[in-house]
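Letter by letter, the chains look like this.
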Amino acid sequence: MDRVDSSPSCGAPPTGAVGRLADAYAAAPLLNCLLREVAEPLGHPDDPRVHRLPSGRLLRVRAGRRPTGPEVRAAGTWHRVGHSELVKLVADELRRHTGLPCGDLPAEMIDSRDAVAALLTARALATAPADPYLRSEQSLITGHPYHPAPKARGGGPVASWLPYAPEAHARFPLVLLGVREDQVAEEGDTGALDALGPVPPGYRLLPAHPWQLELVGRELAEAFADGRLLRLGTTAFDTWPTAAIRTVYEPRRDLFLKFSLDVRITNDIRRLWRHDLRRLRRTDTAARHAFAAMGPPAAWLSDRGYRTATFAFEELAVLVRDGLRGHLVPGTTPLLAAGLAEGFDGSPLATAADPGAWWEAYLRQVVPPALTAFDDHGVVLEAHLQNTLVAVDAAGTPVQVLYRDAEGTKLLPDVTRAAGWERLVYCLVVNHLTEIAAALAERRPGLDPWPAARRELARHDLPEIPALLASPTLPGKTNLLLRWTGADGADARYLPLPNPLAGG
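Residues numbered from 1 in each chain as written. Predicted model: local features only at pLDDT ≥ 70, side-chain atom pairs only at ≥ 80, totals over all residues. Heavy atoms only, no water.

Trainee: What am I meant to see in the overall build of the protein chain here?
Mentor: Along the protein chain, the regular secondary structure elements total 17 helices and 24 strands. Its C-alpha atoms give the protein chain a radius of gyration of 23 Å, within 12% of the compact-globule value 23 Å for 504 residues. Within the span of the protein chain, comprising 504 residues, buried residues form 57% of the whole. Sequence separation of at least 24 residues holds for 72% of the intrachain contacts in the protein chain that already meet a minimum separation of 6. About 19,800 Å² of surface is accessible on the protein chain, with carbon and sulfur atoms providing 53% of the total. If you average the places of the 56 positive and of the 59 negative side-chain charges in the protein chain, the two averages end up 3 Å apart. (Helix = DSSP H or I, 4+ residues; strand = E, 2+ residues; numbered from the N terminus. Rg over C-alpha atoms; globule rule 2.2 N^0.38 Å. Buried < 20%, exposed > 50% of the residue type's maximum accessible area, 1.4 Å probe, protein only. Contact = heavy atoms within 4.5 Å. Areas by Shrake-Rupley, 256 points an atom, 1.4 Å probe, with all protein chains shown as cover. Lys, Arg positive; Asp, Glu negative; His and termini not counted. Charge placed at Lys NZ, Arg CZ, Asp CG, Glu CD.)

Dropping the structure here:
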């Protein structure tokens, strides 16, 4: 399989078809945010696509789950707005709406668009993995459909990040470091790390993501100089970056490793923060026990343990996650739910002979474990598209769900039941089911996916379910305003969205 060309030419501003496609990919999630968070739909009978912005300007878009063709009304005429003009428009509207200056967000929006262009260029020269699971993990060119800059890569040059980009079908070896034994910090089961390569006496093996090592290398110069840290080469095998970018998978060893990455991706700098690592065992243990009580086929991919260096605790931390094989129903193929929403070659969502039956099977696998974990065990899964794997049988029918990511999981009563429920509804229904339902409906006009979702939710005897099914609104996360105001990425803020489950 071809490696990605990481030459600087891949980062040159593209023109022609690639540039137009990059504009469209980048504009769609930005428009979704703008329409959800600050625009007012006018509901004009002659043109329901028209919205009023905080300034009073009128914006018109071609509707759909990926809106296109933005136009602004000026001097009695509709004028098309390109991506760069759209960024300026959004910045001006948010200044008026919030009274706050722009900060870094406009630059992130431009960076996100330029990253998409580089990814499209590189992707055209790369070979997609043969494994459908890896294809699904590496399919997310749009990414988060309700984030203003979902593909921003910290503003660095293309050559610094493209060799590690899952969207460009990258693969790469890991750097192997030796940490002096008296400088090792670890917790849980990290034995899989010791099998990655030889290490001198008195040292423990610590793999590192090469991009992270480039980012923090200067901070480690003293540790390399005094022998606390050794360079031991690289792994004899490649790893594949998954949709999370900083998590990699090695299929033959069935090994997932999650690293710190000192880059802002969507809302957060993606470090393995010390406070998260310290509470990881408690959170993961609760999730493991919840899924063990449920029994198969639902499964939890345990974050078994972490290892790092005491002098670079967050910078060099690596998390060991369960592989797939010990959990999968025999004869099934796991697929990333976000990949199903985005679309990839061979996706069963696109080829299902009976999309209604496929959707009902999907709901039967995905919904019950998330609700049971919450109600019976006080575990609030971050059950969004990127944390959900759905295993399908030979016919492409969903037969199993595998949830992951203890870092994003919350426990009751660390959060109140009301706050935990709001978070679960956002992750499971708004972020997850709404996108899969929209993708199905887009491919099968006339399909109404919501009666089946309502029936599945109504089967579960949670006290919150009747109110959920009767409420006119659902909680929608405000990623555009969150980034504009500089709020912490974990400080979710919600606004009411129309509830497609209501009124059935």
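Trainee: Hey, could you run me through the environment of Trp273 in this one?
Mentor: Inspection of the secondary structure puts Trp273 in the loop between β14 (268-270) and α9 (274-278). Separated by 242 residues in sequence, Trp273 and Leu31 have C-alpha atoms that sit 32 Å apart.

Trainee: What's the story with the packing of helix α2 (residues 83-98) against helix α3 (residues 105-125) in this structure? I'm lost.
Mentor: Angle between the axes and distance between the axes are the two parameters that describe a pair of packed helices. The N-to-C vectors of α2 and α3 enclose an angle of 155°; their axes lie 10 Å apart at closest approach. One finds that α2 runs roughly antiparallel with respect to α3. At the point where α2 passes α3, the crossing takes the right-handed sense. Residues His83, Val87, Val90 and Ala91 of α2 touch α3, and the partners they reach there are Pro106, Met109, Ile110 and Arg113. Class assignment for the residues of the contact of α2 with α3 results in six nonpolar, one polar and one charged. (Axes fitted to C-alpha atoms, helices over the stretch in contact; angles between N-to-C directions. Parallel < 35°, antiparallel > 145°, perpendicular 65-115°, else oblique. Left-handed = near helix turned anticlockwise from the far one by under 90°. Nonpolar A, V, L, I, M, F, W, Y, C, P; charged D, E, K, R; others polar.)

Trainee: Explain the sheet that holds strand β15 (residues 299-301) here, please?
Mentor: Where strands meet in a sheet, backbone hydrogen bonds hold them as pairs that are either parallel or antiparallel. Read from one edge to the other, the open sheet built from four strands follows the order β15-β21-β20-β18, with strand pairing classed as mixed. Either end of the sheet is taken by a strand with one partner, and the two such strands are β15 and β18 (333-336). The mean inter-strand angle of the sheet, taken between neighbouring strand axes irrespective of direction, is 30°. Strand direction decides the pairing type here: strand β20 (residues 388-392) and strand β21 (residues 398-404), joined by five bridges, are antiparallel. What sits directly across from Val390, in β21, is Val401. Where helix α10 (residues 280-294) meets the sheet, it contacts β15 and β21, and its direction lies at approximately 160° from that of β15. (Pairing = 2+ DSSP bridges.)

Trainee: Is there a simple way to think about the nonpolar core in this case?
Mentor: One recurring pattern in soluble globular proteins is that nonpolar side chains are buried together. Residues Trp359, Tyr362, Leu371, Leu381, Tyr403, Trp421 and Ile436 are the most contacted members of the largest nonpolar core, which totals 82 residues. No other element matches the 13 residues that helix α14 (residues 417-443) contributes to this core. Once residues within four sequence positions are removed from consideration, Leu371 is found in contact with Trp421, Leu424, Leu428, Leu457, His460, Leu462 and Ile465. With 47 residues, the next largest nonpolar core counts Leu176, Leu229, Ile245 and Ala312 among its residues. (Core = buried A, V, L, I, M, F, W, Y, C linked by side-chain atoms within 4.5 Å.)

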